[in-house]
Amino acid sequence: MTILLLAIHVLATVFWVGGMAFAYLVLRPAAAPLDPAARLTLWRNVFAKFLPAVGWAVIALLVTGFAMIFVTFGGFAGAPISVHVMTLTGILMMLLFFHIVAAPWKRFRTAIDAGDYAQGARNLDKIRKFVGMNLVLGLLTVVIATTGRYW
Ligand code: HEM
């Protein structure tokens, strides 16, 4: 059971953190020289695909993470400190994700669909900042999760 839960947990992690790294470090500089209309429409289409998929990854991480705490460790009291820290930073990442979806992404999408590129650009900048924060938190969480058994 633990093998299946851990496999799903790690695959969801790879998708979410890897996707943010690709968006931030590869797609962003590659899209920068495009005309604003083309660039903002590209990001609208990218996030329309990526954010719902991250929503599924979040559900998978929560279900498998808490299932492992109870199945593998018999509750929080039996789990190592790294798992406690991961739960905290993981929940922080999820709150940031929900904020992106509910606030700047909603405003960005509405603006682009109405042809208001200036308002769209302002909200894309907010999304960029939050994704940057979540990328840092995600990398930190992965390091904490994987090195935890040595400290
Ligand atoms: C917030 C809910 C979360 C809970 C309750 C949770 C819980 C757990 C548990 C119990 C394990 C197994 C630890 C072990 O077998 O030693 C684990 C492994 C792991 N978690 Fe999480 N986790 C959560 C979120 C996250 C997030 C958001 C990430 C990445 C961004 C993440 C990355 C990992 C990784 C990479 C492992 C594998 C560690 C290893 O076996 O080397 N987790 N998690």
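Residues numbered from 1 in each chain as written. Predicted model: local features only at pLDDT ≥ 70, side-chain atom pairs only at ≥ 80, totals over all residues. Heavy atoms only, no water.

Trainee: How would you summarise the nonpolar core if you had to cite specific residues and measurements?
Mentor: If you look at the biggest cluster of nonpolar residues, it comprises 32 residues, and the most contacted ones within it are Trp-16, Met-20, Trp-43, Phe-47, Trp-105, Phe-108 and Ile-127. Elements represented by at least two residues in this core include exactly helix H1 (2–31), helix H2 (36–71), helix H3 (81–102), helix H4 (104–113) and helix H5 (117–147). Looking at this core element by element, the count peaks at 10 residues for H2. In this view, Met-20 contacts Phe-50, Met-93, Val-131, Asn-134 and Leu-135; residues no more than four positions away in its chain are not counted. (Core = buried A, V, L, I, M, F, W, Y, C linked by side-chain atoms within 4.5 Å. Buried < 20%, exposed > 50% of the residue type's maximum accessible area, 1.4 Å probe, protein only. Helix = DSSP H or I, 4+ residues; strand = E, 2+ residues; numbered from the N terminus. Contact = heavy atoms within 4.5 Å.)

Trainee: Let's hear about the site of the ligand: which residues, and what values?
Mentor: Inspection of the region around the ligand gives 23 residues, with His-9, Thr-13, Met-86, Ala-145 and Arg-149 positioned closest. Here His-9 contributes a side-chain N or O atom positioned 2.9 Å from a nitrogen atom of the ligand. Separating an oxygen atom of the ligand from a side-chain N or O atom of Arg-149 is a distance of 2.8 Å. Broken down by secondary-structure element, the contributors of at least two residues to the shell around the ligand are H1, H2, H3 and H5. With 7 residues, the single largest contributor to the shell around the ligand is H3. When the residues that make up the shell around the ligand are grouped by side-chain class, the tally is 14 nonpolar, 8 polar and 1 charged. (Near = heavy atom within 4 Å. Polar contact = N/O pair within 3.5 Å; in protein donor to acceptor, adjacent residues only side chain to side chain. Nonpolar A, V, L, I, M, F, W, Y, C, P; charged D, E, K, R; others polar.)

Trainee: Outline the pattern of salt bridges, listing residues and values.
Mentor: Overall, the coordinates contain 3 salt bridges when judged by the stated rule. Linking Arg-128 and Asp-125 is a salt bridge whose minimum nitrogen-to-oxygen distance equals 2.9 Å. With a gap of 3 residues between them, Arg-128 and Asp-125 both fall in helix H5, about one helical turn apart. Asp-125 is the salt-bridge partner of Lys-129, the closest N and O atoms lying 3.3 Å from each other. On the criterion of helical spacing, the pair formed by Lys-129 and Asp-125 is a turn pair, its members being 4 residues apart in helix H5. (Salt bridge = Lys/Arg side-chain N within 4 Å of Asp/Glu carboxyl O.)

Trainee: Describe the packing of H3 against H4, and please don't skip the residues or the numbers.
Mentor: Following both chains from N to C, one finds H3 and H4 inclined at 25 degrees, their axes separated by 3 Å at the closest point. In this view, H3 runs roughly parallel relative to H4, as classed from their interaxial angle. Counting all contacts with H3, which are made through His-99, Ile-100, Val-101 and Ala-102, the residues of H4 involved are Pro-104, Trp-105 and Lys-106. (Axes fitted to C-alpha atoms, helices over the stretch in contact; angles between N-to-C directions. Parallel < 35°, antiparallel > 145°, perpendicular 65-115°, else oblique.)

Trainee: So, the packing of aromatic side chains: which residues are in play, and what are the values?
Mentor: One pass over the full model with this rule turns up 8 aromatic pairs. Ring plane angle 70 degrees and centroid distance 6.2 Å describe the contact between Trp-16 and Phe-97, whose orientation is recorded as edge-to-face. Pair noted here: Trp-16 is in helix H1 and Phe-97 is in helix H3, with a separation of 81 residues, a long-range link. Each member of the pair Trp-16 and Phe-97 is classed as buried. Three or more aromatic residues link up through ring pairs in this structure, and these residues are Trp-43, Phe-47, Trp-105 and Phe-108. The ring centre of Tyr-24 lies 4.6 Å from the NZ or CZ of Arg-28, which sits over that ring. (Phe/Tyr/Trp six-rings, centres within 6.5 Å; stacked < 30°, edge-to-face > 60°. Lys NZ or Arg CZ within 6 Å of the ring centre and 35° of its normal.)

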